[in-house]
Amino acid sequence: MSDVPTTAAGRPLRAMFRERWFSTLFMTDMWERFSFYGMQALLFLYATAPRSDGGLGLSDGTAGALFGLYVSASFLAALPGGWLGDRVLGTHRAMLAGAVVIAAGHACMAVPAQTAFYAGLMLVACGTGLLKPNLPVIFDQMNPGASSAQRQAAFSLFYMSVQVSALIGPLVTGALGERVAWHLGFGAAAVGMAFGVLQYLHGAPSLRGARTGPSRPLPPESMRRLRRGSWAALALAVLLAAGALAAGGAALHPVLALCGLGSLVAPVWYFRRLLRGGELKAAERTRVRGYLRVFAPSVLFWAMFGQLGSVFSLFAREHTDREVAGFLVPASWFQSAHPLFLLLLAPLFAWLWLRIGRGAGRKGAEAGPRAGAARRGAGRKFAAGLGFAAVGFAVLAAGAWFADRTGGPVSPLWLLAAFLWVACGELVFGPVGLSSTAETAPEGHRGRMMGLFYLGAALGAGLGGQLSRLVGVLPLWTYLAGFAAAAAVTAVLLPREPSGGARDAAPRDDPHTGRYGDPAVERLESDVELGWTPPQAAR
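In what follows, the accompanying structure is described. (Residues numbered from 1 in each chain as written. Predicted model: local features only at pLDDT ≥ 70, side-chain atom pairs only at ≥ 80, totals over all residues. Heavy atoms only, no water.)

1. Here we look at the overall build of the chain
- Assigned secondary structure in the chain consists of 20 helices and 2 strands.
- Burial analysis of the chain (539 residues in total) assigns 55% to the buried set.
- The long-range share in the chain, meaning contacts at least 24 apart out of those at least 6 apart in sequence, stands at 82%. (Helix = DSSP H or I, 4+ residues; strand = E, 2+ residues; numbered from the N terminus. Buried < 20%, exposed > 50% of the residue type's maximum accessible area, 1.4 Å probe, protein only. Contact = heavy atoms within 4.5 Å.)

Spelled out as structure tokens, the structure:
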């Protein structure tokens, strides 16, 4: 069998690159990544820069919490963004609205005023919440019928494609922000996203149609209530903003604490509502419950991912030897290392998922429909992703320990190696998580399930941001080693599931198809339920 990645129609995956809808999505995400990574490279450094240098003058811990809040808010906004794509706007219009709001947010951040900066940060988070959960849905809508392995390979190639601009973004914004003016760097991100909006409008005809409209449109009466509620919420937000400005600005620490609490409560509330609502059938509820085992390990990984733009930037600025032939490399440029490694490694991971998928398919054909347990590989993949991230943080912890011991900067290879290992972890959690989420989602709930995937990231980023306050209390190497230990322990525990048990001895009857031990149902659960039997099922 050929190892060339193929689509559901049997064509090579690289054939997608020649299709108009793919180039439209690719260019939109490419410019969004340019603005995201470009702004991320500057955010922590700008927040910790002294006021005399044009920065915010925040402490390292508070700046880390602010960075975590921004990432968490971006992911939290994915929940209503996914709902709007499912029920109101459709994926096409939701993506367009998200791109416009992101561009407006970056434009606000280019204005040299603290009020405009915080308003822009909020707009970028809201726009990202609209764009990100709907982009993988529309990508899947335009490539229907793909298997799990094909989805994972396609998402891996898409990851690889957009990393080109993510690699360039920090180099451009970092040079302008650190060397010229902070807000000029933010302005470069705004220009990039403006290009993204223009090219999306140019390619929009290839995305319009029934496939990208609302999958379950709201009834007219519900739509009217939504409009009234939206206007009321907007008026309340304007009043609160005006009150904060009149009082000299809102206190940052209470806002950080409130948003951190929201990132903890929102996932629990949403799971409870989704499972107890009357919209899902029994089999669909089972699939959503299975998604809990995707959600839980993702929280820890995204908490670690949230450290890349804050704690890793701190290491680059304070503990890394950045002088090369008399030239001092800007600390923000090291943020380009992460997308560089994603770009280089994504083809390898795309090939790997296809090989694993083919191997599982052959074993499943030989073993029959009861071989679901043998095909449940998502748990092992997530364990591998956590293991990669653990190695990266352990490497950086060792570098921080040497820096403390010697009292001077250490080789940049420590930081680059850490970025390499964390990039490997993201290449597992990104494509596999998105693919599993797409397959788990009940009909009419796909955008919201994608929002739920990013909600796990919000919870992790929020926790990671709050934990970054410990940087000023603990030695940096101890802080990093704690993350490495937590990820390693979780990675070891995840694959330890019974190989069989009640679940395999008695495959369930699908109440909707009437087929006992349906291989299609087993295949779906093999990618979503992470290969271990929950206690209630064992009883």
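2. Focus on the pattern of salt bridges
- Per the stated rule, a full pass over the model turns up 8 salt bridges.
- For the salt bridge of lysine 132 with aspartate 29, the shortest nitrogen-to-oxygen distance reads 3.0 Å. In this pair, lysine 132 sits in helix 5 (residues 114-141) while aspartate 29 sits in helix 1 (residues 20-48), placing the two residues 103 residues apart along the sequence.
- Take lysine 132: its relative accessible area is 13%, and that puts it in the buried class. (Salt bridge = Lys/Arg side-chain N within 4 Å of Asp/Glu carboxyl O.)

3. Considering unusual backbone geometry
- A positive phi angle, close to 50°, is found at alanine 325, a residue other than glycine.
- Mapped onto the elements of the fold, alanine 325 is located in the loop between strand 1 (323-324) and strand 2 (327-328).

4. Quick look at helix 5
- End to end, helix 5 covers 41 Å across 28 residues, agreeing with the expected 40 Å (1.5 Å per residue, within 8%).
- By the largest-angle criterion, leucine 135 marks the main kink of helix 5, which is about 30°, and a proline, proline 136, follows within four residues.
- Counting buried positions over the 28 residues of helix 5 gives 21, a clear majority of the element. (Expected span 1.5 Å × (residues − 1). Bend = angle between axes of the 7 residues up to and from the residue.)

5. Looking at the packing of aromatic side chains
- Per the counting criterion, the structure on display carries 19 aromatic pairs.
- Ring geometry for phenylalanine 312 and phenylalanine 393: centres 5.4 Å apart, planes at 55°, overall tilted. Here phenylalanine 393 lies in helix 14 (residues 378-406) and phenylalanine 312 lies in helix 11 (residues 311-319), a separation of 81 residues in the sequence.
- Look at phenylalanine 312 and you get buried, because its relative accessible area is 1%.
- Joined through ring pairs, the aromatic side chains of Tyr46, Phe117, Tyr118, Trp182 and Phe186 make up one cluster.
- Sitting over the ring of phenylalanine 36, arginine 33 keeps its end group 4.3 Å from the ring centre. (Phe/Tyr/Trp six-rings, centres within 6.5 Å; stacked < 30°, edge-to-face > 60°. Lys NZ or Arg CZ within 6 Å of the ring centre and 35° of its normal.)

6. Structural notes on a nonpolar patch on the surface
- The grouping of Val164, Ile168, Leu171 and Val172 at the surface amounts to a nonpolar patch, some 270 Å² of accessible area in total.
- Looking at the secondary structure, you find valine 172 in helix 6 (residues 148-179). (Patch = residues over 30% accessible without salt bridge, like charges linked within 9 Å, V, L, I, M, F, W, Y side chains within 5 Å. Areas by Shrake-Rupley, 256 points an atom, 1.4 Å probe, with all protein chains shown as cover.)

7. Brief notes about the side chain of threonine 128
- Structurally, threonine 128 is set in helix 5.
- Taking the relative accessible area as the measure of exposure, threonine 128 reaches 6% and is therefore buried.
- If sequence neighbours within four positions are ignored, threonine 128 has contacts with Glu32, Ser74, Ile102 and Pro133.

8. Details of the nonpolar core
- Within the largest apolar cluster, 95 residues are counted, with the highest numbers of intra-cluster contacts made by Phe312 and Leu480.
- Ranked by the residues each element gives to this core, the list is headed by helix 10 (residues 282-305), at 11 residues.
- Setting aside anything within four residues of it in sequence, one finds leucine 480 in contact with Val311, Phe312, Phe393, Leu396, Ala397 and Ala400.
- The next biggest cluster of nonpolar side chains, apart from the first, holds 16 residues, and it includes Phe22, Ala99, Ile102 and Ile138. (Core = buried A, V, L, I, M, F, W, Y, C linked by side-chain atoms within 4.5 Å.)

9. With respect to the environment of glycine 64
- By the element assignment, glycine 64 lies in helix 2 (residues 60-76).
- Using a relative accessible area of 3% as the deciding quantity, one classes glycine 64 as buried.
- With 246 residues separating them along the chain, glycine 64 and serine 310 place their C-alpha atoms 5.3 Å apart.

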